[in-house]
Structures are given as C-alpha cells and as structure tokens.
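So the chains spell out like this:
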Amino acid sequence: QHYFIQSNLRHSMMKVILFTFIFSSVHSFYIPLIAPVEYNKGQTIEIKSTQVDSVHTELPYSYRHLHYCLPVKEINYAENLGEVLHGSRIVNTAYTVTVNEPTDCKEVCKVTLEAKQVDQMMDLIKKDYDVHLILDNLPVARKYTSPDGKIELYHRGHKIGQIYNDKTYLFNFFKFKIRYHRGSTPGKYRIVGFEVESSSVPGKSACAAPTTEALELHKGTSVTVSYGYSVTWEEGTVAWASRWDTYLTSATNSQIHWFSIINSLIIVLFLSGLLAMIMVRALRRDIAAYNLDEEMVGMAYGFIYWG
C-alpha cells in the first residue's frame, strides 16, 4: 500500500514537472535567434516591421495602420508565442536589401494622403510614435549623441515625423546603414548592425536633389507623398554574439511603460495561479490517501499494543 501511494506521488510530481518545463519552454520563445544566419552576397532580404508605439500612450498600432507603401504581397509572420503575448505582429514591408550591395536611392511608391489621413499622421507625430523595423531579427536604431556630446546612444525605431517651430514635418526618406562581418564560410555574411537616418524630402520624388526645405503637413489638407530609401553596407568589428550590446547599454528613454508592466504582472499572476491550481488538484487526492493510510497504520499499531 505504501509503495502504491509513493508511486502515485512520484507520478503526480512528474506531471507537475513536465507541465512546468513546457510552460518555461513556451515562455522563453521570444528571444533573439540562437544560431547566426549567414547570407550570400547578392541575396535579397526583406525588412520587416513589428509595431508602431509610443512611450507617451498605451495604444500600439500595426505598421499597416500607417499610410506607408505596402508590399505587393502582404505576409504575416508567425514567429513564436512570445510575439503574440508581447502584442507584436511581424509583417513584411516594401523595403528590401541586397547583401553587400549598396543602393543609392530607390523610390518605393507614391501615396496620396487624404485630409483625414493627414490629420491622423499629424496626431501620431505629436504623440511621438516610433516605427519598429527589423532585419535578421535585429531592430533598427537611430544614433544620437548625449547632451554633453561625449557618448553615442541608440534609440530603437525611427520617428514618423518631427515638430519644429510649431510646424509638422513627415519623414519620407530613410537611409539604412547595415553593418556586417564575414561568416565562418568564405563568401558568407552575418548582420551585426542596423541603423536608420530619417529625413523629410518635399517634391514629386523622394530621390530628388537635396534641398533645405522639408515636407510639411497641414491640418485638413491632402498631400501626395513619395517614399524612398537608400542602403549602405559597412564591415563592422562587432561580433555576432555581441550585436545586441548596443541596444542593451543605451538609455533610450526615461519614460516607463506602466501599462506593459501591469499587463506582464497580470499574466504572471494568472499563470502562477493556474499552475498552483493544477498542482493542488494533482496532489490533493494522493496526499489525502497517504494521510489516511498513515492513520490506518497507527490504529493498527494501537490495536496490537492494547491487545
């Protein structure tokens, strides 16, 4: 009888340990790629987008919610469960790069923004929204210097536009700088850096000659926007394993996403309660049976003693 109860206890504990292992594995999906991806020279890579968010609001948007150029074929990438829990949706964009081949200027498309859409873009610019792009699972970042000019910092994502002297300008040209180092196999390349510099270019084409003017948005007025980008490749000294150090060491914003923190705490508490409930239901009967058996043994010893 004792052996049977102990066997049940071991079986129940194994179920709990197995559930905990599965839960831990699912929860740890949302991490950078463990193995480096090596690309061939001339290989085409899509630039993807995760979301559009701001530290000043709690409402994120999908990249397709904005009035940017869309790819010919729209694809939704289901990366992992962590992406869903995080609230991100990875989608493809109209931007592509060719490994180790620079692009001087490429006009992607022209978009006509109606008056209502212009007002929406101006509102997003006012609320300081960031567009998050990724390449080889590495987020794009824009470089800036600290107020004293001594330290270079990086901020994830690029701004939709900028407000200067009470005027709202839209960024429609993006200069991508991609850093790489050569892989373990000759002719292979690993991506170790992804930067962007945004600018506002007025006129009919984003690839027009540089001017001192910018693309200004006016409330309630429609406008036609030309979007374009350029790509430069630069061999870097950063190892693939250290390519995230730049993001982890840069203090990009002092604002705290309280909504995200509370949301994460609620998820943790819910899953912890669910795990505790499963453990209690799995072990309660076995523990009760074990205690009852001990009482029966004690009573038996008592009868023998008094007898």
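Residues numbered from 1 in each chain as written. Predicted model: local features only at pLDDT ≥ 70, side-chain atom pairs only at ≥ 80, totals over all residues. Heavy atoms only, no water.

Novice: What should I look at first to understand the overall build of the chain in this one?
Specialist: Each helix and strand in the chain was counted, giving 5 helices and 16 strands. Expressed as a percentage of its 307 residues, the buried residues of the chain come to 34%. Sequence separation of 24 or more characterises 76% of the internal contacts of the chain that already satisfy a separation of 6 or more. (Helix = DSSP H or I, 4+ residues; strand = E, 2+ residues; numbered from the N terminus. Buried < 20%, exposed > 50% of the residue type's maximum accessible area, 1.4 Å probe, protein only. Contact = heavy atoms within 4.5 Å.)

Novice: How do you make sense of a nonpolar patch on the surface when you look at a structure like this?
Specialist: A cluster of nonpolar side chains, namely Phe 270, Leu 274, Met 277 and Ile 278, defines an oily patch on the protein surface of about 360 Å² accessible area. Mapped onto the elements of the fold, Ile 278 is located in helix H5 (residues 258–306). Overall, the relative accessible area of 32% leaves Ile 278 in the partly exposed class. (Patch = residues over 30% accessible without salt bridge, like charges linked within 9 Å, V, L, I, M, F, W, Y side chains within 5 Å. Areas by Shrake-Rupley, 256 points an atom, 1.4 Å probe, with all protein chains shown as cover. Salt bridge = Lys/Arg side-chain N within 4 Å of Asp/Glu carboxyl O.)

Novice: Sorry if this is basic, but what is going on with the nonpolar core here?
Specialist: A general tendency of soluble globular proteins is for nonpolar side chains to be buried together. Ranked by internal contacts, the top residues of the largest apolar core, which has 47 residues, are Ile 160, Leu 170, Phe 176, Phe 194 and Tyr 227. Counting residues per element, this core draws most heavily on strand S16 (residues 223–235), which supplies 6 residues. (Core = buried A, V, L, I, M, F, W, Y, C linked by side-chain atoms within 4.5 Å.)

Novice: Could you clarify how one ought to interpret the side chain of Arg 179 in this entry?
Specialist: Within the element layout of this structure, Arg 179 appears in strand S13 (residues 173–182). Exposure remark for Arg 179: the relative accessible area of 19% places this residue in the buried category. What Arg 179 contacts, discounting residues up to four positions off in sequence, is Lys 143, Tyr 154, Arg 190, Ile 191, Val 192, Gly 193, Glu 195 and Glu 234.

Novice: Can you help me understand the packing of aromatic side chains in this one?
Specialist: Two aromatic rings, taken as a pair, are described by how far apart their centres are and by the angle between their planes. According to the stated counting rule, one finds 11 aromatic pairs in the structure shown. A ring pair is formed by Tyr 180 and Tyr 189, whose centres lie 5.3 Å apart and whose planes are at 75 degrees; its orientation type is edge-to-face. Each of the two residues, Tyr 180 as well as Tyr 189, counts as buried. Taken together, the ring pairs in this structure connect Tyr 95, Phe 174, Phe 176, Phe 194 and Tyr 229 into an aromatic cluster. (Phe/Tyr/Trp six-rings, centres within 6.5 Å; stacked < 30°, edge-to-face > 60°.)

Novice: Explanation requested: the pairing of strand S4 (residues 90–98) in the structure shown.
Specialist: Bridging between strand S2 (residues 44–53) and S4 involves 5 bridges; their strand directions are antiparallel. When the bridges of S4 are listed, Ile 45 appears paired with Val 97. For strand S3 (residues 76–77) and S4, the ladder comprises 2 bridges, and the chain directions are antiparallel. Counted as the bridge partner of Asn 76 is Val 91 from S4. (Pairing = 2+ DSSP bridges.)

Novice: Any chance you could explain the state of the cysteines here in plain terms?
Specialist: In a disulfide, the sulfur atoms of two cysteines are covalently bonded to one another. Under the criterion given, the structure shown has 2 disulfides. A disulfide bridge connects Cys 105 with Cys 207, and the sulfur atoms are separated by 1.9 Å. The disulfide joining Cys 105 to Cys 207 has a torsion of about -95 degrees about its S-S bond and is therefore left-handed. You can see Cys 105 sitting in strand S5 (residues 103–113) and its partner Cys 207 sitting in the loop between strand S14 (188–199) and strand S15 (216–217), a full 102 residues away along the chain. Residue classification places Cys 105 among the partly exposed residues on the basis of a relative accessible area of 33%. The class for Cys 207 is partly exposed, based on a relative accessible area of 31%. Counting its disulfide-bonded cysteines in sequence order, the chain shows a connectivity of 1-3, 2-4. (Disulfide = S-S within 2.5 Å.)

Novice: What should I look at first to understand the environment of Gly 183 in this one?
Specialist: Note that Gly 183 resides in the loop between S13 and S14. On a C-alpha basis, the gap between Gly 183 and Pro 36 in space is 9.0 Å, while along the polypeptide they are 147 residues apart. Setting aside its immediate chain neighbours within four residues, Gly 183 contacts Glu 38, Lys 188, Tyr 189 and Arg 190.

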